[in-house]
Amino acid sequence: MIFLSLWGCSEQSLNEIDNSKYVDGALIEVDPEIIDFGLVFGPQEASFTVYSVGVQPLEVSDLQFVGPDALNFTLLNEDDVSYILDPEEQRTIEVIFTPVDEGSVQAQAIISSNDYYAVNTPVTLMGEGPDSDLKITPNPYDFGDVLIGCGQLGELTIENTG
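Here's what I pulled together on the structure shown here. (Residues numbered from 1 in each chain as written. Predicted model: local features only at pLDDT ≥ 70, side-chain atom pairs only at ≥ 80, totals over all residues. Heavy atoms only, no water.)

### A closer look at the overall build of the protein chain
In terms of helices and strands, the protein chain carries one helix and eleven strands. Starting at the N terminus, the α and β elements of the protein chain follow one another as α-β-β-β-β-β-β-β-β-β-β-β. Looking at the protein chain residue by residue over its 162 residues, the buried ones come to 28%. Excluding contacts between residues fewer than 6 apart, the proportion of contacts in the protein chain whose partners are at least 24 apart in sequence is 67%. Of the roughly 11700 Å² of accessible surface on the protein chain, a fraction of 51% belongs to carbon and sulfur atoms. (Helix = DSSP H or I, 4+ residues; strand = E, 2+ residues; numbered from the N terminus. Buried < 20%, exposed > 50% of the residue type's maximum accessible area, 1.4 Å probe, protein only. Contact = heavy atoms within 4.5 Å. Areas by Shrake-Rupley, 256 points an atom, 1.4 Å probe, with all protein chains shown as cover.)

Next comes the structure, spelled out in structure tokens:
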């Protein structure tokens, strides 16, 4: 049997890490984390709430809508892009869903803040835009004989059947 013993020596010392800015800093919570607008035929409002749950003020520096369907969502109040919440304060953020696309759409509202653990906090936004079909009657429309440079009045009916 062979016994092996290793001894080592190091001239390095341990440094203490100050975790107080992470444990005692600004913390963010949002509720709800998902908003489903459902089927919408025109502009629809919904809201989520941002809470400051840490012991330091929460500094929200930006709010952006991201994703391929982000253009369907806007803020009701542009002042909700950047603000400061003291501990235990909250702010309600109103979002407007105006379907510009047919079918299901999804995006995220990304809230950027000084929360060390959640620098970019997402709120998922979903909704559905209606299928839009137009019915034009009569189709085709016959303007009859019209001389060049002259106009002809006619009556059409346009109906949204989507």
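### Here's the deal with a nonpolar patch on the surface
A contiguous nonpolar patch, built from Ile136, Leu156 and Ile158 and spanning about 280 Å² of accessible area, is present on the exposed surface. With respect to the element layout, Ile136 can be found in strand 10 (residues 134-137). By relative accessible area, Ile136 is classed as partly exposed at 38%. (Patch = residues over 30% accessible without salt bridge, like charges linked within 9 Å, V, L, I, M, F, W, Y side chains within 5 Å. Salt bridge = Lys/Arg side-chain N within 4 Å of Asp/Glu carboxyl O.)

### A short note on the pattern of salt bridges
In the structure shown here, the tally under the stated rule is one salt bridge. Here Arg91 ties to Asp80 by a salt bridge, and the two come within 2.8 Å at their closest N and O atoms. With Arg91 in strand 7 (residues 90-97) and Asp80 in the loop between strand 5 (73-75) and strand 6 (83-85), the pair connects residues that are eleven residues apart, well separated along the chain. Judged by relative accessible area, which is 4%, Asp80 ranks as buried.

### Concerning unusual backbone geometry
Cis geometry is found at the peptide bond from Asp31 to Pro32, where omega equals -5°. By secondary structure assignment, the location of Pro32 is in the loop between strand 1 (28-31) and strand 2 (34-39). Positive phi values are uncommon outside glycine, yet Glu88 reaches one of about 75°. Assessed through its relative accessible area of 76%, Glu88 is described here as exposed.

### Concerning the sheet that holds strand 2
Spatially, the five strands line up as an open sheet ordered 2-9-8-4-6, and their pairing is mixed. One side of each edge strand has no neighbouring strand; the edge strands of this open sheet are strand 2 and strand 6. On average, each strand axis in the sheet is inclined to that of its neighbour by 25°, with strand direction left out of account. As paired strands, strand 8 (residues 103-113) and strand 9 (residues 120-129) are joined by ten bridges and run antiparallel to one another. In the sheet register, Gln106 faces strand 9, and the bridge partner there is Met126. (Pairing = 2+ DSSP bridges. Axes fitted to C-alpha atoms, helices over the stretch in contact; angles between N-to-C directions.)

### Comments concerning a negative patch on the surface
Together, Asp101, Glu102, Glu128 and Asp131 line one region of the surface with negative charge. You can see Asp131 is positioned in the loop between strand 9 and strand 10. According to the relative accessible area criterion, Asp131 is partly exposed, its value standing at 49%. (Lys, Arg positive; Asp, Glu negative; His and termini not counted. Charge placed at Lys NZ, Arg CZ, Asp CG, Glu CD.)

### Considering the nonpolar core
In terms of nonpolar packing, the biggest core is built from 27 residues, with Phe48, Val50, Phe65, Phe73 and Ile111 touching the most fellow members. Beyond its immediate chain neighbours, meaning those up to four positions away, Val50 contacts Ile28, Glu29, Val30, Leu58, Tyr83, Leu85, Glu89, Gln90, Arg91, Ile93 and Ile111. (Core = buried A, V, L, I, M, F, W, Y, C linked by side-chain atoms within 4.5 Å.)

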